[in-house]
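Observations on chain architecture
This is what each chain is made of:
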Amino acid sequence: MMAAAAARRGRLGREGRASLCSFLLGASVAALPLLLGSSPSLLAAPGLRGRLALALHAAGVNAALLLIYPRPLYKIAVRACFLGFAFGCGLLLSAGRSAWRHFGWYMCSLSLFHYSEYLVTAINNPRSLSLDSFLLNHSFEYNLAALSSWVEFTLEKLFFPELKQITWLSTVGLLMVIFGDCLRKAAMLTAGSNFNHIVQNEKSDTHTLVTSGVYGWFRHPSYVGWFYWSIGTQVLLCNPICVVGYALASWRFFRERIEEEEITLIHFFGEEYLEYKRKVPSGLPFIKGVKLEL
């Protein structure tokens, strides 16, 4: 369904093509073990050979991007390449048998989430496309939450290493991540040009109320997807503190975001949205949305 929706929305513009090529170029770091004839665990293996290869790959790819793209496109390309590089490094960690294997799953999940936010926006709504579409600078709180999860994982790996080897629990987290990201991207593709990362205060001529597809399941499927994706990343890492922290922080954020957005939607669509609101749940636990009647 997602592929068909993407096809209906036409070809990628030059920004989207530049980002895709750069992401794949960065992700090609995963092929280094084949070129070096070594183990996939380049990041976890002792010695400098693998790390030097990674550094040379990153430097070489960045130099190539500088030569290929003018500065406006380079800003896009270098971000996409960085995410691709992180994805490739995650694959290398995932392929090994080290204690960092599950962190490799996390790296793949995180980098792919952020890159696909940009790519789907480039397909769906190129008029709203910007560097912010990567969501890399989402907010100080978002960055702090990510840093906290890395610190918790590292400390618990040092002092409670057995906690980070619960494969069945990490697998559950990975499934949550996949479900959440797929639901969010399905919502973005279904909404088409109606989807925007920023809540819109003015209704455009093409703005319509989308109630089909995943919007027939939940009023806010993109938020539902992001909610379970974010919690899933911490289940994947077996981070008990951050699982609770992410759940509470995400719930509070989306409760406020949904209330803000629904005020705008009621203003845009009036009784049409109120009827839709009565029939379809928000999708998030204990969040009913704004309490407002015309």
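Residues numbered from 1 in each chain as written. Predicted model: local features only at pLDDT ≥ 70, side-chain atom pairs only at ≥ 80, totals over all residues. Heavy atoms only, no water.

Between two packed helices, both the angle of their axes relative to each other and the distance between the axes serve to describe the pair. Helix α11 (residues 271-279) packs onto helix α10 (residues 240-269) with a crossing angle of 130 degrees between their chain directions and a minimal axis gap of 6 Å. If you check the angle between α10 and α11, you find them oblique. For the pair formed by α10 and α11, the contact residues are Glu262, Leu265, Ile266 and Phe269 on the first element and Glu271, Glu272, Tyr273, Leu274 and Lys277 on the second. (Axes fitted to C-alpha atoms, helices over the stretch in contact; angles between N-to-C directions. Helix = DSSP H or I, 4+ residues; strand = E, 2+ residues; numbered from the N terminus. Parallel < 35°, antiparallel > 145°, perpendicular 65-115°, else oblique. Contact = heavy atoms within 4.5 Å.)

Tracing the sequence through the fold places lysine 277 in helix α11. Buried charge lysine 277 goes without a salt bridge, the closest partner of opposite sign being glutamate 262 at 4.2 Å. Here the side chain of lysine 277 touches valine 290 through a polar contact of 3.1 Å, landing on its backbone oxygen. For lysine 277, the contacting residues outside a window of four places in its chain are Arg219, Glu262, Lys288, Gly289 and Val290. (Buried < 20%, exposed > 50% of the residue type's maximum accessible area, 1.4 Å probe, protein only. Lys, Arg positive; Asp, Glu negative; His and termini not counted. Salt bridge = Lys/Arg side-chain N within 4 Å of Asp/Glu carboxyl O. Polar contact = N/O pair within 3.5 Å; in protein donor to acceptor, adjacent residues only side chain to side chain.)

Turning next to the packing of helix α2 (residues 14-27) against helix α6 (residues 101-124). For the pair α2 and α6, the least separation of the axes is 9 Å and the interaxial angle reads 155 degrees. Put simply, α2 runs roughly antiparallel to α6. The two elements α2 and α6 cross, and the hand of that crossing is left-handed. Across from Glu15, Gly16, Ser19, Leu20 and Phe23 in α2, the residues of α6 making contact are Leu112, Tyr115, Tyr118, Leu119 and Ala122. Of the residues assigned to the contact of α2 with α6, the class counts are seven nonpolar, two polar and one charged. (Left-handed = near helix turned anticlockwise from the far one by under 90°. Nonpolar A, V, L, I, M, F, W, Y, C, P; charged D, E, K, R; others polar.)

Attention now goes to the pattern of salt bridges. Taken as a whole and judged by the stated rule, the model has ten salt bridges. Its salt-bridge partner being arginine 14, residue glutamate 15 comes within 3.9 Å of it at the nearest N-O pair. The partner of arginine 278 in a salt bridge is glutamate 275, with the nearest N and O atoms 2.9 Å apart. In this pair, arginine 278 and glutamate 275 both sit in helix α11, three residues apart, roughly one turn of the helix. If you follow the salt bridges from partner to partner, you end up with Glu117, Asp181, Arg184 and Lys185 in one network.

On to the domain arrangement of the chain. Size of an interface: often given as the accessible area lost when the parts come together. Assigned domains of the chain: these are domain 1 (7-137) and domain 2 (138-289). Placing a centre on the C-alpha atoms of domain 1 and another on those of domain 2 gives a separation of 23 Å. Across the contact, 23 residues belong to domain 1 and 35 residues belong to domain 2. Between domain 1 and domain 2 lies a buried interface of about 2,600 Å² when both sides are counted; carbon and sulfur atoms form 61% of it. The interface formed by domain 1 and domain 2 contains two salt bridges. Arginine 184 is paired through a salt bridge with glutamate 117; the nearest N and O atoms lie 2.7 Å apart. If you look at where domain 1 meets domain 2, you find 14 residue pairs in polar contact (both at pLDDT 80 or more). Partitioning the side of domain 1 that touches domain 2 into residue classes produces ten nonpolar, ten polar and three charged. (Domains from an automatic or database assignment. Buried area = accessible area lost by both parts, 1.4 Å probe.)

With respect to the secondary-structure elements, serine 139 resides in the loop between α6 and α7 (140-159). Sequence separation between serine 139 and asparagine 239 is 100 residues, and the spatial gap between their C-alpha atoms is 22 Å.

Take unusual backbone geometry next. Unlike most non-glycine residues, leucine 135 shows phi in positive territory, near 60 degrees. Locating leucine 135 in the fold gives a position in the loop between α6 and α7. Its identity is not glycine, yet phenylalanine 286 carries a phi of approximately 65 degrees, on the positive side. Tracing the chain through its elements places phenylalanine 286 in the segment after α11. The class of phenylalanine 286 is exposed, set by a relative accessible area of 79%.

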